[in-house]
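Okay, here's what each chain looks like letter by letter:
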Amino acid sequence: MSDAELDYSSEYEDYQDDVEFDDDMADLTSEAGSVSDSGFSPFGTSTPASASAGGQGILSSASSSAAKGKGRASIGGEDLYGQVEYKVLSLKQLEEEQRRAIEYVEDMLKLKPESAATLLRYFNWKKEKLIEAYMEDAEVTLEKAGIREGGAQPRLKRVRGFVCDVCYDNETKETLALTCDHRFCKACYCHYLTSKIIDEGESRRIECMGKDCHVIVDEKTVELLVPPDILDRYRLLLNRTYVDDNPRMRWCPAPNCEFAVSCAVAPRSLDVTIPTVQCACGHIFCFGCQLDGDHRPCCCPIVKRWMKKCKDDSETSNWISANTKECTKCHSTIEKNGGCNHMTCKKCKWEFCWVCMGPWSEHGTSWYNCSRYEEKADNYKDAQSKSRAALERYLHYYNRFSNHEQSIRLEADLYVRTEKKMEELQEQSTLSWIEVQFLAKAVETLGKVRTVLKWTYAMAFYLEKNNFTQMFEDNQNDLEQAVESLSELLERPLEEDKIAELRQQTTDKTVYVAKRCKVLLDDTLRGYEEEPPRWIWQEPIKF
Ligand SMILES: [Zn+2]
Ligand SMILES: [Zn+2]
Ligand SMILES: [Zn+2]
Ligand SMILES: [Zn+2]
Ligand SMILES: [Zn+2]
Ligand SMILES: [Zn+2]
């Protein structure tokens with residue numbers, strides 16, 4: 001590990017002492033008073049992965065989490081988005097970080113703050129690299145960064161008889177020269193800067209107007225030359241480069257969100273770490289590839305490949321996403337209106353699985369695996385049967401992938417129904433608002449875990465068939481069954497005399513689902529880090 005990396009990780013230790021943003025049930029109960037004081041809504045503490053695509057901004061959680069400097073969410077007492085160390089930074093905090101870095105370099109190298117800032121921007125804010133280069137050859141380092149030390153700080157000056165090289169005007173008016181002494185009139189500079197800032201979106205690398213001169217126009221000089229609205233834009237762009245130039249920082253991709261996330265994972269291992277982060281605005285995304293939502297345990301390169309395949313094959317697979325299917329017994333049309341896969345035909349009462357259309361009675365038995373693809377025994381001799389087999393295999397995984405996507409969509413209104421259920425529960429029982437949170441927790445967990453399950457099918461599609469893959473699919477099947485059983489429970493109507501039982505069952509199943517999910521995630525992610533890697537892909541994957 002290089003010095004730069006060591007320094008970075010020590011910065012993170014400052015955040016270790018912060019209070020974490022946990023919202024598990026134990027906390028809810030113990031903080032009952034403070035929670036209700038702040039107008040608490042069970043759906044506001046953390047946005048479920050399934051509903052994050054639109055980037056819902058929840059102000060109360062944004063401010064509380066930003067103040068603590070770290071975004072975290074957890075399920076059933078287990079951290080689901082806490083596997084990587086990251087922090088969420090507001091614009092103010094970003095400015096503060098820059099100011100501190102500038103002061104440090106200014107102090108260390110005895111430079112003007114403007115020069116320190118220009119140097120830092122030139123070195124992408126890598127302090128150690130900057131200082132090393134400066135110590136080796138100060139003159140060359142400054143020259144490369146576009147700084148000429150020694151000259152007077154640029155200021156506006158009226159010079160009698162001066163002719164501007166841009167407009168050839170010789171009227172006596174305000175002019176300015178950078179430390180390189182190339183003088184132009186203020187109006188020309190203003191025009192030039194405005195075009196750089198507004199048209200080109202440039203900020204940190206704007207050079208002197210002189211021919212072949214590379215001296216940088218610093219912030220203090222820009223202040224002298226442009227009107228306030230252009231200056232605001234310039235400052236915004238300049239501030240943005242702090243994040244853009246830093247490989248360990250990203251802007252939150254949610255529309256209109258101004259938070260940035262900084263993550264300690266080394267850029268070279270981003271591909272296999274799958275750092276899922278949650279912004280203070282509630283938006284969940286992958287820090288590595290910036291895709292919306294949580295795509296663990298599938299690594300970024302596989303996700304990219306899978307999404308491309310789904311797009312290319314969308315015509316063949318479109319029928320799968322349909323909301324209606326035919327009963328295999330009586331052929332009447334059956335519509336799916338919930339997330340649960342256990343279907344019962346209204347007409348003939350046949351119970352079957354929506355995904356594989358197989359009899360429901362066999363699901364849950366140890367030998368039946370609805371998620372694994374069983375290769376047909378016959379060997380594919382001709383090209384046609386080979387390609388048919390390949391398509392069948394793809395559709396098997398795509399079917400399960402898209403089924404979870406569909407269930408997540410259908411369960412969006414489970415949130416609304418659950419909130420109603422919670423109100424009913426309060427009226428029918430002696431349970432308090434806090435005590436009925438188990439339902440909200442269950443629905444939230446269901447959405448998060450379905451998202452994880454969804455991606456296990458993309459991963460399984462690319463995995464080579466071996467013992468490790470078999471174990472992965474066993475974990476997947478266990479989680480499927482746990483999710484299915486929780487999903488069924490949540491769709492059941494309330495029975496007044498069975499509320500205590502419902503509460504116990506729901507809580508138990510929620511905790512179990514969260515636990516199974518964590519087992520699958522932890523184990524799969526460990527597989528990426530093993531040497532040699534545990535996961536063998538059917539196609540060569542470049543990391
Ligand atoms: Zn001019
Ligand atoms: Zn110049
Ligand atoms: Zn955000
Ligand atoms: Zn990713
Ligand atoms: Zn039927
Ligand atoms: Zn099935």
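Going by the structure above, here's the rest.
Residues numbered from 1 in each chain as written. Chains lettered and ligands numbered in written order. Predicted model: local features only at pLDDT ≥ 70, side-chain atom pairs only at ≥ 80, totals over all residues. Heavy atoms only, no water.

Okay, the coordination of the zinc ion (ligand 5) next. At this site the zinc ion (ligand 5) is bound by Cys327 (SG), Cys330 (SG), Cys345 (SG) and Cys348 (SG), with donor distances of 2.2 to 2.4 Å. Around the zinc ion (ligand 5) sit four donor atoms; with metal-centred angles ranging over 104 to 116°, the donor geometry is tetrahedral. For Cys330, a relative accessible area of 26% translates into the label partly exposed. Note on Cys348: relative accessible area 32%, which makes it partly exposed. (Donors = N, O, S within 2.8 Å, 3.2 Å for Na, K, Ca; no water. Tetrahedral: all angles 85-135°; square planar, octahedral: opposite > 155°, others 65-115°. Buried < 20%, exposed > 50% of the residue type's maximum accessible area, 1.4 Å probe, protein only.)

All right, on to the sheet that holds strand 7 (residues 249-251) then. Pairing is antiparallel in the open sheet, where three strands are placed in the order 3-8-7. Of all the strands in the sheet, the pair left with one neighbour each is strand 3 (86-89) and strand 7. Averaged over all pairs of adjacent strands, the angle between their axes in this sheet comes to 25°, without regard to strand direction. One ladder, built from three bridges, connects strand 7 with strand 8 (residues 260-263); its direction is antiparallel. Counted as the bridge partner of Trp251 is Ala260 from strand 8. Contacts from helix 5 (residues 91-109) reach strand 3, strand 7 and strand 8 within the one sheet, and its direction differs from that of strand 3 by about 105°. This element, helix 11 (residues 228-244), spans strand 7 and strand 8 of the sheet and lies at about 130° to strand 7. (Pairing = 2+ DSSP bridges. Helix = DSSP H or I, 4+ residues; strand = E, 2+ residues; numbered from the N terminus. Axes fitted to C-alpha atoms, helices over the stretch in contact; angles between N-to-C directions. Contact = heavy atoms within 4.5 Å.)

With that out of the way, let us pick up the pairing of strand 3. Covered by surrounding structure in strand 3 are Tyr86 and Val88 together with Lys87 and Leu89, the residues of both alternating faces. Two elements, strand 3 and strand 8, share four bridges in a ladder whose sense is antiparallel. Opposite Leu89, over in strand 8, you have Ala260 as the bridge partner.

This next bit is on the packing of aromatic side chains. Following the criterion strictly, the structure yields 17 aromatic pairs and no others. An angle of 70° between the planes, with centres 5.9 Å apart, marks the rings of Tyr397 and Phe461 as edge-to-face. With Tyr397 in helix 15 (residues 383-428) and Phe461 in helix 16 (residues 437-462), this residue pair connects regions lying 64 residues apart in the sequence. Taken individually, Tyr397 and Phe461 each receive the classification buried, so the pair is uniform in this respect. In textbook terms, an aromatic cluster arises when at least three aromatic residues are bridged by ring pairs, as seen for Trp306, Tyr373, Tyr394, Tyr397, Tyr398, Phe401, Trp455, Phe461 and Tyr462. The ring centre of Trp251 lies 4.3 Å from the NZ or CZ of Arg240, which sits over that ring. The ring of Trp350 has Lys329 sitting right over it, with the charged end atom 3.4 Å from the ring centre. (Phe/Tyr/Trp six-rings, centres within 6.5 Å; stacked < 30°, edge-to-face > 60°. Lys NZ or Arg CZ within 6 Å of the ring centre and 35° of its normal.)

Here the focus is the side chain of Arg534. In this structure, Arg534 sits in the segment after helix 18 (499-529). Once you skip the residues sitting within four places of it in the chain, Arg534 turns out to touch Phe468, Asp523, Arg526 and Gly527.

Under the defined criterion, the tally for this structure stands at 26 salt bridges. Taking the shortest distance from any N to any O, the salt bridge between Glu96 and Arg100 comes out at 3.9 Å. Highlighted residues: Glu96 and Arg100, both in helix 5, separated by four residues, approximately one helical turn. Of the charged contacts, one joins Lys454 and Glu405 as a salt bridge, the two residues approaching to 3.1 Å between their closest N and O atoms. In this pair, Lys454 sits in helix 16 while Glu405 sits in helix 15, placing the two residues 49 residues apart along the sequence. Note on Lys454: relative accessible area 11%, which makes it buried. (Salt bridge = Lys/Arg side-chain N within 4 Å of Asp/Glu carboxyl O.)

Here we take up the coordination of the zinc ion (ligand 4). Taken together, the protein donors to the zinc ion (ligand 4) comprise Cys286 (SG), Cys289 (SG), His295 (NE2) and Cys300 (SG), at separations of 2.0 to 2.3 Å. Coordination geometry of the zinc ion (ligand 4): the four donor atoms subtend angles of 102 to 117° at the metal centre, consistent with an arrangement described as tetrahedral. Classification of Cys286 as buried rests on a relative accessible area of 0%. Given a relative accessible area of 5%, Cys300 falls into the buried group.

A few words now on the packing of helix 16 against helix 18. At a minimum axis separation of 10 Å, helix 16 and helix 18 run at an interaxial angle of 30°. Regarding the angle of helix 16 to helix 18, the classification is roughly parallel. The hand of the helix 16/helix 18 crossing is left-handed. Facing Phe438, Leu439, Lys441, Ala442, Thr445, Val449, Val452, Thr456 and Met459 of helix 16, the residues of helix 18 in contact are Leu502, Arg503, Thr506, Thr507, Thr510, Val513, Ala514, Cys517, Leu520, Leu521, Thr524 and Tyr528. Looking at the contact of helix 16 with helix 18 residue by residue, the class counts come to 13 nonpolar, six polar and two charged. (Parallel < 35°, antiparallel > 145°, perpendicular 65-115°, else oblique. Left-handed = near helix turned anticlockwise from the far one by under 90°. Nonpolar A, V, L, I, M, F, W, Y, C, P; charged D, E, K, R; others polar.)

Here we take up the pairing of strand 5 (residues 174-177). Sheet analysis places strand 4 (residues 157-158) next to strand 5, joined by two bridges and oriented antiparallel. Note on strand 5: the bridge partner recorded for Arg158 is Glu174. Note that strand 5 and strand 6 (residues 183-185) share three bridges and pair antiparallel. The partner of Ala177 across the bridge, within strand 6, is Arg183. In this structure, the hairpin formed by strand 5 and strand 6 is closed by a connection of five residues, where Asp181 is found at a positive phi of approximately 75°.

Residues Tyr104, Met108 and Met135 make up a contiguous nonpolar surface patch of about 320 Å² in total accessible area. Its location among the elements puts Met108 in helix 5. (Patch = residues over 30% accessible without salt bridge, like charges linked within 9 Å, V, L, I, M, F, W, Y side chains within 5 Å. Areas by Shrake-Rupley, 256 points an atom, 1.4 Å probe, with all protein chains shown as cover.)

Distances and angles like these do not, on their own, reveal function.
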